[in-house]
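Notes for the structure review
So the chains spell out like this:
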Amino acid sequence: MNMKPKPSGSIPDRTLYERRESEVRSYARSMPRQFGRAEGVWMHDDQGGRYLDFLSGCSTLNYGHNHPILKQALLDYIDGNGIAHGLDLHTDAKRDFLDAFETLVLKPRGLDHRLMFTGPTGTNAVEAAIKLARKVTGRELVIAFTNGFHGMTLGALACTGNAAKRGGAGVPLAHVSHEPYNGYYGPDVDTADLLEQRLADPSSGLDAPAAILVETVQGEGGLNAASPEWLRRIAAIAKAHGALLIVDDIQAGCGRTGGFFSFEDMGFIPDIVTLAKSLSGMGLPFALTLLRPDLDQWAPGEHNGTFRGNNHAFVTATAALRHFWSTDDFRRDVERRGDLLAMRLDRIAAEHGFEVRGRGMMRGINVGSGELAAVVTAACFDAGLIIETSGAHDEVIKVLAPLVIDDALLGAGLDILETRIREAMAADYAVAAE
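Residues numbered from 1 in each chain as written. Predicted model: local features only at pLDDT ≥ 70, side-chain atom pairs only at ≥ 80, totals over all residues. Heavy atoms only, no water.

The helix and strand inventory of the protein stands at 14 helices and 17 strands. Computed over the C-alpha atoms, the radius of gyration of the protein is 22 Å, within 12% of the 22 Å expected from 2.2 N^0.38 for a compact globule of 434 residues. Residues classed as buried in the protein amount to 52% of the 434 residues present. If you sum the accessible surface of the protein, you get close to 19,200 Å²; carbon and sulfur atoms cover 52% of it. (Helix = DSSP H or I, 4+ residues; strand = E, 2+ residues; numbered from the N terminus. Rg over C-alpha atoms; globule rule 2.2 N^0.38 Å. Buried < 20%, exposed > 50% of the residue type's maximum accessible area, 1.4 Å probe, protein only. Areas by Shrake-Rupley, 256 points an atom, 1.4 Å probe, with all protein chains shown as cover.)

With respect to the helices and strands, Ser 262 occurs in the loop between strand S10 (244–248) and strand S11 (272–275). Polar contacts involving the side chain of Ser 262 include one to the side chain of Thr 216, which spans 2.6 Å. Residues in contact with Ser 262, not counting those within four places in the same chain, are Thr 216, Asp 249, Ala 252, Thr 257 and Arg 359. (Polar contact = N/O pair within 3.5 Å; in protein donor to acceptor, adjacent residues only side chain to side chain. Contact = heavy atoms within 4.5 Å.)

This part takes up the pairing of strand S7 (residues 211–214). Side chains of S7 alternate between two faces, with Ala 211 and Leu 213 and Ile 212 and Val 214 buried alike. One ladder, built from two bridges, connects strand S5 (residues 142–145) with S7; its direction is parallel. Looking at S7, one finds that Val 142 is bridged to Ala 211. The sheet contact formed by S7 and S10 spans four bridges and is parallel. Bridging across to S10, Ile 212 finds its partner in Leu 245. (Pairing = 2+ DSSP bridges.)

Here the focus is the sheet that holds strand S17 (residues 396–399). Across the sheet, which stays open at both edges, the four strands sit in the order S13-S14-S17-S16 with antiparallel pairing between neighbours. Taken across any chain shown, the strands that pair with only one partner, and hence form the sheet edges, are strand S13 (355–359) and strand S16 (388–390). Here the strands of the sheet are splayed against their neighbours by 35° on average, with no regard to which way each runs. Pairing between S13 and strand S14 (residues 362–366): five bridges, direction antiparallel. Looking across to S14, one finds that Gly 358 is bridged to Arg 363. Its contacts with the sheet place helix H12 (residues 329–352) against S13, S14 and S17, and it is angled at close to 0° to S14. (Axes fitted to C-alpha atoms, helices over the stretch in contact; angles between N-to-C directions.)

If you check helix H13 (residues 370–382), its first and last C-alpha atoms are 18 Å apart, about what 13 residues at 1.5 Å a residue would give, namely 18 Å. Regarding H13, the residues found buried are Gly 370, Leu 372, Ala 373, Val 376, Thr 377, Cys 380 and Phe 381. Note on H13: the residue one or two positions beyond its end, Gly 384, has a positive phi of about 95°. (Expected span 1.5 Å × (residues − 1).)

On the surface, Tyr 184, Tyr 185, Val 189 and Leu 194 cluster together into a nonpolar patch covering about 370 Å² of accessible area. For Val 189, the location among the structural elements is in the loop between strand S6 (176–179) and helix H9 (191–200). (Patch = residues over 30% accessible without salt bridge, like charges linked within 9 Å, V, L, I, M, F, W, Y side chains within 5 Å. Salt bridge = Lys/Arg side-chain N within 4 Å of Asp/Glu carboxyl O.)

If you walk through the whole model with that rule in mind, you get 22 aromatic pairs. Between Tyr 51 and Phe 381, the ring centres sit 5.0 Å apart and the planes meet at 15°, which makes this aromatic pair stacked. Of this pair, Tyr 51 sits in strand S3 (residues 50–53) while Phe 381 sits in helix H13; the two residues are 330 residues apart in sequence, bridging distant segments of the chain. The exposure class of Tyr 51 is buried, given its relative accessible area of 0%. On the basis of an interplanar angle of 85° and a centroid distance of 5.3 Å, the ring pair of Phe 260 and Trp 325 is categorised as edge-to-face. Highlighted residues: Phe 260 in the loop between S10 and S11 and Trp 325 in the loop between helix H11 (311–324) and H12, separated in sequence by 65 residues. For Phe 260, a relative accessible area of 1% puts it in the buried group. (Phe/Tyr/Trp six-rings, centres within 6.5 Å; stacked < 30°, edge-to-face > 60°.)

Within the chain, Ser 56 stands out as a residue other than glycine whose phi angle is a positive 55°. Looking at the secondary structure, you find Ser 56 in helix H3 (residues 56–59). With a relative accessible area of 1%, Ser 56 lands in the buried category.

The next point concerns the sheet that holds strand S2 (residues 42–45). One open sheet holds the four strands; their spatial order is S1-S2-S3-S15, and the pairing between them is mixed. Strand pairing shows two members of the sheet lacking a second neighbour, strand S1 (35–39) and strand S15 (385–386), which therefore form its edges. Across three bridges, the pairing between S2 and S3 is antiparallel. Within S3, the residue paired with His 44 across the bridge is Arg 50.

What follows is about the pattern of salt bridges. Side chains carrying opposite charge are able to pair once their charged atoms draw close together. Enumeration over the complete set of coordinates arrives at 29 salt bridges. Residues Arg 95 and Asp 96 are paired through a salt bridge, measuring 3.1 Å at the closest nitrogen-oxygen approach. Taking the relative accessible area as the measure of exposure, Asp 96 reaches 26% and is therefore partly exposed. Across the pair Asp 265 and Arg 331 runs a salt bridge, and its minimum N-O distance is 2.9 Å. Remark: Arg 331 occurs in helix H12 and Asp 265 occurs in the loop between S10 and S11; sequence separation between them is 66 residues. Under the relative-accessibility criterion, Asp 265 is labelled exposed at 71%.

When you line up the elements, Ala 424 lands in helix H14 (residues 407–433). The spatial distance from the C-alpha of Ala 424 to the C-alpha of Val 376 is 6.4 Å, given a sequence separation of 48 residues. Contact partners of Ala 424, with chain neighbours within four places excluded, come to Leu 372, Val 375 and Val 376.

Another aspect to go through is the packing of helix H5 (residues 92–106) against H11. Contact geometry for H5 and H11: axes closest at 9 Å, N-to-C directions at 30°. Considering their axes alone, H5 and H11 lie roughly parallel with respect to each other. Considering how the two elements wind past one another, H5 and H11 form a crossing that is left-handed. Together, Ala 93, Lys 94, Asp 96, Phe 97, Ala 100, Phe 101, Leu 104 and Val 105 of H5 and Asn 311, Phe 314, Val 315, Ala 317, Thr 318, Leu 321 and Arg 322 of H11 make up the contact between the two elements. (Parallel < 35°, antiparallel > 145°, perpendicular 65-115°, else oblique. Left-handed = near helix turned anticlockwise from the far one by under 90°.)

Below is the structure:
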């Protein structure tokens, strides 16, 4: 296919959406087109427009849109009248997924975690994780971190730092302490030391925690990437103080940072891990909470939900595991492509004195203000590149291209980003000079 995006020139009729859909919609406002089909790294609108996707459904489509192997597996399953919904019954599709996950993910990494099928989205996995930690430890407090994002249901939202998101709760968000993330006070302050001091001091006012909940890379919080050393310290602190370490790998996992898990080869093993987003591989809702076997203290049905058995997602997830994770080839390719992305972003950032953040294929540029980032991303969309922002002030332009994108298309998309940043900066300087 032609490597150039071909954006459409006009906004479609949005009357029905404006009349019937809630005002809470967000992405549709910054990307006002009606999309009808997608393939690989491309999305197509109903006017014949073609857009290069550097958002990937906010990392729900790490393997691209409608990957042919995953799609065929699902079509075959549906054609054979496979069970679509089965609560938490045993099914062929679930058995195959459990076998693939055990064989291709857990055993090669020396992990023995059990799989808890929660509700269908990431926030459900986080709710289950913190609820279990409180049950097992008999404690209430969860330690989360500044700029963390963990979901929109009340327990996960209490662990989320963003004030705008928290403000929608309508009730107090309690039983969580937000401690400073790695680098929050700059490079000269070790925030792991601060946390250890607070927990060791019986007069600090910080209760003994049930869990410490952390993202290794803060996807919505600005692509802040914690160092392996800091994460090992946090893991040791959790263990020393009787707290469970929960790694939220919902956005950073499933290959986004290289390994299947973002914490691989860092020298620690989380007690609990949450997964969602690209777990199904096809954008189908699917979330998991992984837990050490000794923590599996649930009574049958104590934590449940109707949609714990999305068999269609089991099918595509199994196909993704078998196709992408049976060897190290995919991981090595993602790591190589992540290095290419880092080099290009470093070059773009250096031209304007900006900062690159993130890790692997989860990187972006901090352009210093949300206003500038919004101008750039809007200009990118007008040029046919779908890209979004993150950070406390939406100041980080975030690249979440599909992990399967080829080098030429990755470069083409980054060319658009580079040009639009340069144009926005030139226009800004021109206005400032007047």
